[in-house]
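# Observations on the three-dimensional arrangement
In case you want the letters, here they are:
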Amino acid sequence: MPIDGNYEFTNMNLSREEFDKLIFMVNPREWEDHPHDPSHKFLLGICYNQLKDVVQKVINESENVAKSAVEVFRGLRHIRVKGGDHPWFERHLILAERFNKSLMTKLRIRNRTEGGPEQDSGGNFYIQDGIHHALVYAVRVECGEEKYDDVEVLHTSSWNVAMGILAYHI
């Protein structure tokens with residue numbers, strides 16, 4: 001569906017290889033204010049990485065053996081953002097405890113920004129919306145709790161069309 005001739009939205013299903021190569025999140029600027037804080041250092045280290053690499057970093061950082069996504073995310077309660085009230089992976093833990101793939105909404109993805117920080121990740125597309133679900137699902141697959149099933153996404157070259165709508169900040 002073209003909008004002003006600039007944006008075309010495409011529904012796609014991602015294979016496991018394509019899903020693994022999705023690029024994970026932009027770091028909030030305030031994380032850069034505390035680069036030596038262990039939590040901030042870890043979180044900065046997962047930004048702009050391919051999802052498969054984020055999964056391995058999360059599992060390795062977890063204080064629990066990676067038998068399930070719930071255990072992995074429980075083992076990350078020590079990761080806290082300065083000024084935050086809750087562990088950063090708390091939402092992931094809640095999703096993992098109640099995860100149901102059939103209820104997972106389509107991820108919103110976009111092309112990499114040429115010359116942007118995600119350019120060097122080697123990934124194929126950037127996850128614009130849905131990083132929590134994507135990471136929980138990826139950890140569940142890695143832990144053997146799920147057999148990978150194609151992930152539905154909504155792709156566009158850019159989500160700039162969403163600026164000002166729903167307070168999107170790109």
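All of the points below concern the structure found in this document. (Residues numbered from 1 in each chain as written. Predicted model: local features only at pLDDT ≥ 70, side-chain atom pairs only at ≥ 80, totals over all residues. Heavy atoms only, no water.)

### What about the nonpolar core?
- In this structure, Phe-19, Leu-43, Val-58, Phe-73, Phe-89, Leu-107 and Leu-135 are the most contacted members of the largest nonpolar core, which totals 45 residues.
- Looking at this core, the elements that each hand over two or more residues are helix 2 (38–46), helix 3 (51–61), helix 4 (69–74), helix 5 (90–97), strand 4 (107–111), strand 5 (125–129), helix 6 (131–142) and strand 6 (151–156).
- Excluding residues that lie within four positions of it along the chain, Val-58 makes contacts with Phe-42, Val-72, Phe-73, Leu-76, Phe-89 and Leu-135. (Core = buried A, V, L, I, M, F, W, Y, C linked by side-chain atoms within 4.5 Å. Buried < 20%, exposed > 50% of the residue type's maximum accessible area, 1.4 Å probe, protein only. Helix = DSSP H or I, 4+ residues; strand = E, 2+ residues; numbered from the N terminus. Contact = heavy atoms within 4.5 Å.)

### Concerning the packing of helix 2 against helix 3
- Contact geometry for helix 2 and helix 3: axes closest at 9 Å, N-to-C directions at 155 degrees. Between helix 2 and helix 3, the angle is such that the two are roughly antiparallel. Counted together, Phe-42, Gly-45 and Ile-46 of helix 2 and Val-54, Lys-57, Val-58 and Glu-61 of helix 3 form the full contact between these two elements. (Axes fitted to C-alpha atoms, helices over the stretch in contact; angles between N-to-C directions. Parallel < 35°, antiparallel > 145°, perpendicular 65-115°, else oblique.)

### Remarks on helix 2
- By the burial criterion, the buried members of helix 2 are Ser-39, His-40, Phe-42, Leu-43 and Ile-46. Considered in projection along helix 2, the buried side chains sweep an arc of 160 degrees and stay on one side of the axis. For helix 2, the exposed residues set more than 90 degrees away from the buried face come down to Pro-38 and Lys-41.
- The secondary structure elements touched by the buried residues of helix 2 are strand 2 (23–24), strand 3 (49–50) and helix 3.
- By the N-cap criterion, in which a side-chain oxygen at the helix start approaches the backbone nitrogen of a residue two or three places on, helix 2 is capped by Asp-37, the distance to Ser-39 being 2.9 Å. (Arc of directions from axis to C-beta. Polar contact = N/O pair within 3.5 Å; in protein donor to acceptor, adjacent residues only side chain to side chain.)

### So, the packing of helix 3 against helix 6
- Here helix 3 crosses helix 6 at 70 degrees, and the two axes come no closer than 10 Å. With respect to their mutual orientation, helix 3 and helix 6 come out roughly perpendicular. Residues Leu-51, Val-54, Val-55, Gln-56, Val-58 and Ile-59 of helix 3 lie in contact with helix 6, whose contacting residues are Ala-134, Leu-135, Ala-138, Val-139 and Glu-142.
- Class assignment of the residues belonging to the contact of helix 3 with helix 6 gives a composition of nine nonpolar, one polar and one charged. (Nonpolar A, V, L, I, M, F, W, Y, C, P; charged D, E, K, R; others polar.)

### Notes on helix 6
- With twelve residues, helix 6 extends 16 Å between its outermost C-alpha atoms, agreeing within 8% with the 16 Å of an ideal straight helix rising 1.5 Å per residue.
- By the burial criterion, the buried members of helix 6 are Ile-131, His-132, Ala-134, Leu-135, Val-136, Tyr-137, Ala-138, Val-139, Arg-140 and Val-141.
- Gly-144 sits one or two positions beyond helix 6 and adopts a positive phi of about 80 degrees. (Expected span 1.5 Å × (residues − 1).)

### Overview of the packing of aromatic side chains
- Following the criterion strictly, the structure yields eight aromatic pairs and no others.
- Taking the centre distance of 5.6 Å and the plane angle of 40 degrees together, the rings of Phe-19 and Tyr-148 count as tilted. With Phe-19 in helix 1 (residues 16–20) and Tyr-148 in the loop between helix 6 and strand 6, the pair connects residues that are 129 residues apart, well separated along the chain.
- With centroids separated by 5.8 Å and ring planes inclined at 45 degrees, the aromatic side chains of Tyr-137 and Tyr-148 adopt a geometry described as tilted. On the criterion of sequence distance, the pair formed by Tyr-137 in helix 6 and Tyr-148 in the loop between helix 6 and strand 6 is long-range, its members being eleven residues apart. (Phe/Tyr/Trp six-rings, centres within 6.5 Å; stacked < 30°, edge-to-face > 60°.)

### Looking at the side chain of Asp-37
- Tracing the backbone shows Asp-37 in the loop between strand 2 and helix 2.
- Among the polar contacts made by the side chain of Asp-37, one reaches the side chain of Lys-82 at a distance of 3.3 Å.
- Residue contacts for Asp-37: discarding those within four places in its chain leaves Arg-80 and Lys-82.

### Side note on unusual backbone geometry
- One non-glycine residue, Tyr-48, lies in positive phi territory at about 60 degrees.
- Locating Tyr-48 in the fold gives a position in the loop between helix 2 and strand 3.

### A word on the pattern of salt bridges
- In this structure the tally under the stated criterion is nine salt bridges.
- Ionic pairing is found between Glu-97 and Arg-74, a salt bridge with its closest N-O pair at 3.5 Å. In this pair, Glu-97 is assigned in helix 5 and Arg-74 in helix 4, connecting sequence segments 23 residues apart. (Salt bridge = Lys/Arg side-chain N within 4 Å of Asp/Glu carboxyl O.)

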